[in-house]
Structure formats: structure tokens, C-alpha cells
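# Observations on chain architecture
Here's the letter readout for the chains.
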Amino acid sequence: MKKLLSSAIVLTTTLLAAPAHSGPVLDDIKATDKLICLVNPNSPGFSVPDSEGVYQGFNTDFCRMAAAAILGDASKADIRGIGFSDSMKTLVADGAHMASRSITATGTRDADPGMAFVVTNFYDGQGFMVPRSLGVKSAAGLNGATVCAEDGSTTLLNIADWFGDRDIAYRVENIADKTARLEAFYSGKCDVYASDVTALLSDRLLSDTPEEYVVLPEVISAEPLTLVTQPDQALEAAVFWAFQVMLNADQFGINSENVAAIAADLDNQPKGVRRLLATDSATAEMAGKLGLPKDWAFQVLSQVGAYSEVFERHLGKETPFGIELKETANALVGDGGQMMAYPIR
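Thresholds applied
Residues numbered from 1 in each chain as written. Predicted model: local features only at pLDDT ≥ 70, side-chain atom pairs only at ≥ 80, totals over all residues. Heavy atoms only, no water. Phe/Tyr/Trp six-rings, centres within 6.5 Å; stacked < 30°, edge-to-face > 60°. Buried < 20%, exposed > 50% of the residue type's maximum accessible area, 1.4 Å probe, protein only. Helix = DSSP H or I, 4+ residues; strand = E, 2+ residues; numbered from the N terminus. Salt bridge = Lys/Arg side-chain N within 4 Å of Asp/Glu carboxyl O. Pairing = 2+ DSSP bridges. Axes fitted to C-alpha atoms, helices over the stretch in contact; angles between N-to-C directions. Core = buried A, V, L, I, M, F, W, Y, C linked by side-chain atoms within 4.5 Å. Contact = heavy atoms within 4.5 Å. Patch = residues over 30% accessible without salt bridge, like charges linked within 9 Å, V, L, I, M, F, W, Y side chains within 5 Å. Areas by Shrake-Rupley, 256 points an atom, 1.4 Å probe, with all protein chains shown as cover. Left-handed = near helix turned anticlockwise from the far one by under 90°. Nonpolar A, V, L, I, M, F, W, Y, C, P; charged D, E, K, R; others polar. Expected span 1.5 Å × (residues − 1).

## Focus: the packing of aromatic side chains
Applying the stated criterion to the full structure yields 23 aromatic pairs. With 5.2 Å between their ring centres and 50 degrees between their planes, phenylalanine 185 and tyrosine 186 make a pair best called tilted. In this structure phenylalanine 185 comes out as buried when scored by relative accessible area, which is 2%. Residues tyrosine 186 and tyrosine 213 carry aromatic rings whose centres are separated by 4.9 Å and whose planes lie at 70 degrees to one another, so their mutual orientation is edge-to-face. With tyrosine 186 in helix H7 (residues 178-186) and tyrosine 213 in strand S11 (residues 213-215), this pair connects stretches of sequence that are 27 residues apart. Since its relative accessible area comes to 22%, tyrosine 186 is described here as partly exposed. Counting every residue linked through ring pairs, the aromatic cluster contains Phe46, Phe58, Phe62, Phe122, Phe243, Tyr307, Phe311 and Phe321.

Structure representation (C-alpha cells):
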């Protein structure tokens, strides 16, 4: 009995003394002091290099979110533009830590042991864009059309299902390179350009005459666009909960402009806000278990912002997209959307 008790004490002491849970990929990020994140190389509103070659856009801000949470500095996100198929190959080959580039979560992809689908950061659907001169008002009028689509994407499967179910004849120009694909469409080689609706709105801005192209009303699929990481439970948890911090901030009306003042006056804030921002509260306890800095939530919000803030910054009413967040599935559940803020406790 004494031997068993002694062993139990040793085991308990060892467990209590053990370092915070971590993983090899998260450890690599900390050791190299940078987080390598892959994005689309040219997608207005989502990821486009600015005049200094630094990527800006909706998807790039989630790279910065992860770096702010893990390293305390959003600028330590090493953001790299890369093609769609190559981005997944790069993740599987351990050439990057995560990807924030509108990758649809599917069962087949999720089953790949080289990738982990962590959290959906944008709900979209596939649609069609056509030249205004074509005179087509509905996808039902695309019989015999040539469709430009991306090689290796879910787009091809969705097209086959939709046209096949309706017995509509079509042919595909399956082009992997985005520049070549858009050139084929804008030069008239294809009648139709197929992609996620927001990608269509983005790619239309790459035309010299965007007003000459229209997005048809049909949305033919559900596309949960998801942040993807290397398979590492610690990294997955860090990215997932950093995203939840941004959603919780929306529930409490916190953003990058007011978070410092709110954090300085926590005694007069609701309990939920204190849990979110106080370094001696639930987020600090979570931080220890996640292997993150105590002020991880504050850093995410002060350097990147709340989810709605990021959305409005790149895709909202004051941008060329003019999207009203509350009219989309990306609004919080309480506003009629599908984004649910998990409790920070």
C-alpha cells in the first residue's frame, strides 16, 4: 500500500510539474519566432500584396490572428502567396504551419492525415459569373456553355452535379493557374467562370472593366471555408480559440479601437468581458493549458480586431464588395447567422 501511495505521489508531482501542453508544430513556431501562413497570391479583398509586398485582406488577418495569439505579435506571421493545389501539398510536406485561403472543408480532405481543418471562418457557396453581353439572367440558360474552373478544387465536382442533375450540356476548361484561368475567361475562351461567390466578386475586380461582368443569382453548393493547419492538437487548439476570441469580442462590442480602454477598466466590466481580457482570469488559465501568453486574447483584439471588424475592413459596406455582414451566414447566431462564439471559460 505504501509503495502504491508513493508511486501515486510521484505521478501526481510529475503531472503537476509538467510543462503546458504543446505540440511539435506549435513548438516549431515558437522556436523560429514566426508562423508561416499560406494565402491566395492575388485575391482582392482576401489577400493581395500592398505596395511594399505585404499581403493584406480578410484571409491574411487570420494569419495575423494566429501569430498574435501564439507569439504576441501579429507581424510575425510570415504570409506567403501560393496556388490552391500547391498550398495543400505544402502543408502536407511541412512547408508551412497553416493556410488561410478559402479552402472548403470536405470529408475527403479532412481524412488526409497531413492536414487539419480547424474552424470555418467564412461561409460561402459556389456560383457563376458571365459577361453581361451574354444576356444570361440565370444559370439555367447556360446550356452548351464552356466553363472555366480551377483544377483540383471542389468547383469541378459541384459543376458536374449541378449540370448533370438538370441535364444541361456544358464543357469545362480545367485550368490550374489562376492568372491563366482569368485570362481565358476575360478573353472569351470561356462563357462562364465558376468559383465561390465571394471569389467571383473578388476576381471581377481584376478585370479592366468589372462592370461588364455579372454574378448569376444561383448558389449551387455550401462552401464552409476553413482555416487549415498542420495536424498538431496544440496548434489546432490555439487557432480555434483565437478565432473564438474574435467572435466573443463581437458579442461584447469590443474591437481594436476600444479594447485598451476596456482592459484598463476591467473592474467595471461585465463578467464575460473580465473573463475574456483579464490576465488572472479564465483566459489566463486557458493560456497556460494552450501554451499561449497570458494576454493572448488582448493581443489578438488589439492587433487584429473582432471578427466583424475584420469583415467590415475588407468586405463590408465601405469596400468595393459592399457586403452587409448581418445579411450573410457569417453573422453571429444572435443576428441570424451561423457564427457561434464558444464560451471562454
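## A look at the pattern of salt bridges
A complete count under the given rule lists 13 salt bridges for this structure. Here arginine 80 ties to aspartate 78 by a salt bridge, and the two come within 2.8 Å at their closest N and O atoms. Its relative accessible area of 22% is what places aspartate 78 among the partly exposed residues. A salt bridge links glutamate 173 to lysine 189, with the shortest nitrogen-to-oxygen separation between them at 4.0 Å. Note that glutamate 173 is positioned in strand S9 (residues 170-175) and lysine 189 in the loop between H7 and strand S10 (192-196), a separation of 16 residues in sequence. Put simply, Asp61, Arg64, Glu309 and Arg313 are held in one network by salt bridges that share partners.

## Let's talk about the sheet that holds strand S12 (residues 223-229)
Taken in spatial order, the five strands of this open sheet run S4-S1-S5-S12-S6, and their pairing is mixed. Edge positions in the sheet fall to strand S4 (77-81) and strand S6 (116-124), since each of these pairs with one other strand and no more. Shown here is a sheet whose adjacent strand axes are inclined to one another by a mean of 25 degrees, direction ignored. Note that strand S5 (residues 98-104) and S12 share four bridges and pair antiparallel. Paired with alanine 99 across the strands is valine 228, a residue of S12.

## With respect to the nonpolar core
By size, the foremost hydrophobic cluster in this structure holds 69 residues, and its most contacted members are Phe58, Phe62, Met65, Ile70, Ile254, Leu277 and Tyr307. In terms of residue count, the dominant contributor to this core is helix H9 (residues 233-252) (11 residues). In contact with methionine 65, other than residues within four places in its own chain, are Leu227, Val239, Ala242, Phe243, Met246, Val300 and Val304. Of all hydrophobic cores here, the second largest spans 17 residues; its members include Leu142, Val147, Trp162 and Ile220.

## A closer look at a nonpolar patch on the surface
A contiguous nonpolar patch, built from Val333, Met340 and Tyr342 and spanning about 290 Å² of accessible area, is present on the exposed surface. Inspection of the secondary structure puts methionine 340 in the segment after helix H14 (307-315).

## A short note on the packing of helix H3 (residues 58-71) against helix H13 (residues 296-303)
Two quantities define a packed helix pair, namely the angle between the axes and the distance from one axis to the other. Interaxial distance between H3 and H13 falls to 8 Å at its minimum, and their mutual angle equals 145 degrees. For H3 against H13, the interelement crossing comes out right-handed. Here Met65, Ala68 and Ala69 of H3 lie close against H13, whose contacting residues are Trp296, Gln299, Val300 and Gln303. Of the residues contributing to the contact of H3 with H13, the split by class is five nonpolar, two polar and no charged.

## A look at H3
The terminal C-alpha atoms of H3, which comprises 14 residues, lie 20 Å apart, in line with the 20 Å expected from a rise of 1.5 Å per residue. Taking burial as the measure, the 14 residues of H3 include 14 buried ones, the bulk of the element. Glycine 72 sits one or two residues past H3 and shows a positive phi near 75 degrees.

## Digging into the sheet that holds S9
Here five strands make up an open sheet; going across it, the order is S9-S8-S10-S7-S11 and the pairing mixed. The open sheet terminates on both sides in strands that have one partner only, identified here as S9 and S11. Taking the axes of each pair of neighbouring strands and ignoring which way they run, one obtains an average angle of 30 degrees across the sheet.

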